[in-house]
Structures are given as structure tokens and as C-alpha cells.
Amino acid sequence: MSFLKISSPAAARRLFLERSGAVLSGAAVALLAGREALAAKSGDSKAGDARILNTALAAELEAVAAYQVGAESNLLQKPALDLALQFQGHHKAHADLLEKTIRKLGGKPASAKAKYSFPVETLKNQLDVLRFAAGLEQGAVSAYLGAVPLFATRDLSKAAASILGDEAMHWAVLRQVIGENPVPAAFVS
Amino acid sequence: MIEAVALAAALAAGDPLRGKEIYARCLACHALAYDRVGPRHCGLLGRRAGSVPGFAYSSAMKKSGIVWSKKTLDRFLADPTHTVPGTAMTYAGVADAQERADLIAFLAAADQSKDCSARH
């Protein structure tokens, strides 16, 4: 976990708080730029795009809940705990953006479930929790990759790719922490 | 698990161990034994599309008339949104036929494994 010692958790958190505004507005800019394009699309393609975003939103909300379970498990110690909270913050930012965009498209955003199922009985230590998180992040990368070619509006593909990049970084960092090759291949699938 | 894996490998021209790796792509939305953004996959082969009790399917999936077999899964997974227009599984699919065969072999084997027998 040596890379985590590069900066203190407090410094990492400060950095995250300073930067997250910039990250969100980057993705938001992509969507804002697409506003006219969004307005110009037919009802059908808007509904289709909203449906894609809603499935992504449901997955993001589940990821937020999963990190919450991890954070409250008492299995994560600092600095892994700070990392989990930082990644949770990113997923919240993704969810916010998706929700706003679904509204803009005239859709009804999915809301968080009252209860999620997680394989908590298999999470016995920090490594288990981080490995579970890595699997979710890997899945998220694939899910966004599978969404990119489906949007009728290209700016939404761009926004999805922006989120994909963030999730891929989470995945790589988590793999590094659990002692696996952080970047196992030249392509994600 | 080993026996089930060997059985499924014999039944399908797919490798369930490679299929398990490919299943990682589904893990943002699915689990074998419980519902998430997508429905559980235990019990998949032979069941009617859109029939897991308590899971909120799209009406497109419920009305699709599909029964999940190796053949129908192969078609759906190649291109979900065109096979079932209006599906909530907004995912481009698995383009490679061998990867699909491996994935389906894994799903069939998993169904016979203890990951699934515990819950259904």
C-alpha cells in the first residue's frame, strides 16, 4: 500500500475536495455543450438516452451504498478508508450529474433503493472489502463501455466516457492496493 | 462445482472458466444469487424472460416472450437493445461469439454450483 503514503490522508482528502469541483464541472461542461443537441433530438431518442442514463444511475446509487457498507464495516483502516470515502464521493457526483441530465431529457430519475443486497457474509477483512470494491469498479467500467455506443446524442457518449475514465482509475488504484497488477491489459472490455 | 463445470463444458462449446472472467463485465449490474440493477442469474436457463418475482423489469422484457436457452441467450447477449427493444439492460453486448459461448457455459455451470443451490 506504499502509494497511499505519498500524501497523508488529510492531504489527499483536501486535494480531492479542491479538485472534485473541477472534475464535476468538466463532465458538466460536456453535457452543457450538448444542451442544444439534446433539445433537437426526437422524443424517441431522448427517451432511449434517458433509459440508458437511468440504468447507469441505478448502478451508481448502488455503488454509493456499497462504499457506505464498506465504510461502516469497521474493516477498513485509514488510509484505505479515506480512499473508499473519496471514491464514494465520485460516485455521488456521477449520480447527481446523471439525475440532472435525465430530468433535462424529460425522464424520471431512478431513486436509491431502500435496501441493497451485498455479499456481506463474504467480507471478513479489509482485503475482502477492497477486492469487492475492485470488482464493482471493474464492472462499472464495462457497463459504461457498453453504454457509450448506444446514445443517440454524442455528447452523452462523451459524458459516459468521462465517467468511465474515473471508474477505471478507481479500479486501477484498488488493484494496486490489493497487490494485483493495477493495469492488467492495454484495453478494457 | 468442478463436476458441474465439466458437465457444462461438455454440453456447450464454451469454456466456463473463461466465461467466469467475462462475467466480470456483468458485475456492475448482476450477481448470481441476488437481484441488483439487473435480476439474479441463478435459475436463468429454462426460465421465462422477465419472471424473477419481485424484480422490476421493463415491460419490454416482460412481454418479450423469450424463454432463456443457450440459443436465446446467445442472441440477446450479442445485442441486447436490438433483440429486446426498450429493455432496461442498456448495454451494447458481447460481440464475440466465442466469448458469448464461454459466458453462457459459465452461467449454465453456475446454476448447478453451490453459489446458486444455496438460494433456490
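Before any of the text, the structure's been laid out above.
Computed from a prediction, not measured in an experiment: that's the story for all the values here. (Residues numbered from 1 in each chain as written. Chains lettered and ligands numbered in written order. Predicted model: local features only at pLDDT ≥ 70, side-chain atom pairs only at ≥ 80, totals over all residues. Heavy atoms only, no water.)

### Examining the overall build of chain B
Scanning chain B from terminus to terminus reveals 7 helices and 0 strands. Counting helices and strands in the order they occur from the N terminus, chain B gives α-α-α-α-α-α-α. Across the 120 residues that make up chain B, the buried fraction comes to 50%. Entry remark: accessible area of chain B is about 5900 Å², with carbon and sulfur atoms responsible for 57%. (Helix = DSSP H or I, 4+ residues; strand = E, 2+ residues; numbered from the N terminus. Buried < 20%, exposed > 50% of the residue type's maximum accessible area, 1.4 Å probe, protein only. Areas by Shrake-Rupley, 256 points an atom, 1.4 Å probe, with all protein chains shown as cover.)

### Here we look at the packing of aromatic side chains
All names here are of chain A. Enumeration according to the criterion identifies 6 aromatic pairs over all chains in this entry. Relative to Phe118, the ring of Tyr116 has its centre 6.0 Å away and its plane inclined at 25°; by these criteria the two rings are stacked. Accessibility expressed as a relative area gives 16% for Tyr116, which makes it buried. Note on Phe118 and Phe132: the rings are 6.2 Å apart at their centroids and 75° apart in plane angle, and the pair reads as edge-to-face. Of the two residues, Phe118 is situated in the loop between helix H4 (80-104) and helix H5 (126-147) and Phe132 in helix H5; the sequence distance between them amounts to 14 residues. Overall, Phe118 belongs to the buried group, its relative accessible area being 12%. Members of the aromatic cluster, joined through ring pairs, are Tyr116, Phe118 and Phe132. (Phe/Tyr/Trp six-rings, centres within 6.5 Å; stacked < 30°, edge-to-face > 60°.)

### Things to note about the state of the cysteines
Residue and element names in this part refer to chain B. Applying the stated criterion across every chain yields a total of 1 disulfide over all chains. In this model Cys42 forms its disulfide with Cys116; the gap between the sulfur atoms is 2.0 Å. Linking Cys42 and Cys116, the disulfide has an S-S dihedral of approximately -85° and is accordingly described as left-handed. Remark: Cys116 occurs in helix H7 (residues 114-117) and Cys42 occurs in the loop between helix H2 (16-23) and helix H3 (59-62); sequence separation between them is 74 residues. The residues Cys42 and Cys116 share a single accessibility class, namely buried. (Disulfide = S-S within 2.5 Å.)

### Focus: the nonpolar core
Residue and element names in this part refer to chain B. Tyr23, Leu32, Met61, Trp68, Phe76, Leu103 and Phe106 are the most contacted members of the largest nonpolar core, which totals 28 residues. For this core, the secondary structure elements donating two or more residues are H2, H3, helix H4 (70-78) and helix H6 (97-111). Sorting elements by how many residues they give to this core places H6 first, with 5 residues. Once residues within four sequence positions are removed from consideration, Leu32 is found in contact with Tyr23, Arg40, His41, Cys42, Phe106, Ala110, Asp115 and Cys116. (Core = buried A, V, L, I, M, F, W, Y, C linked by side-chain atoms within 4.5 Å. Contact = heavy atoms within 4.5 Å.)

### Focus on H4 of chain B
The α-helix winds at 3.6 residues per turn, so residues separated by three or four positions along the chain end up facing the same way. Residues and elements named next belong to chain B. Where H4 is concerned, the buried positions are Leu73, Phe76 and Leu77. Along the axis of H4, the buried residues cluster in a sector spanning 90°; they form a single face. Exposed residues on H4 whose side chains face more than 90 degrees from its buried face are Lys71 and Arg75. Packed against the buried residues of H4 are H3, helix H5 (80-83) and H6. (Arc of directions from axis to C-beta.)

### Re the side chain of His170 of chain A
Residues and elements named next belong to chain A. The residue His170 is located in helix H6 (residues 154-177) in this model. At a separation of 3.0 Å, a polar atom in the side chain of His170 contacts the side chain of Glu137. Apart from the residues within four sequence positions on either side, His170 is in contact with Phe87, His90, His91 and Glu137. (Polar contact = N/O pair within 3.5 Å; in protein donor to acceptor, adjacent residues only side chain to side chain.)

### Quick look at the pattern of salt bridges
All told, the structure shown has 9 salt bridges over all chains when counted by the stated rule. Where Arg175 of chain A meets Glu180 of chain A, a salt bridge forms, and the shortest distance between an N and an O atom there is 3.4 Å. You can call Arg175 of chain A buried: its relative accessible area is 14%. Arg18 of chain B is paired through a salt bridge with Asp15 of chain B; the nearest N and O atoms lie 4.0 Å apart. Under the relative-accessibility criterion, Asp15 of chain B is labelled partly exposed at 27%. Put simply, Asp15, Arg18 and Asp102 of chain B are held in one network by salt bridges that share partners. (Salt bridge = Lys/Arg side-chain N within 4 Å of Asp/Glu carboxyl O.)

Just geometry here; none of it tells us what the structure is for.
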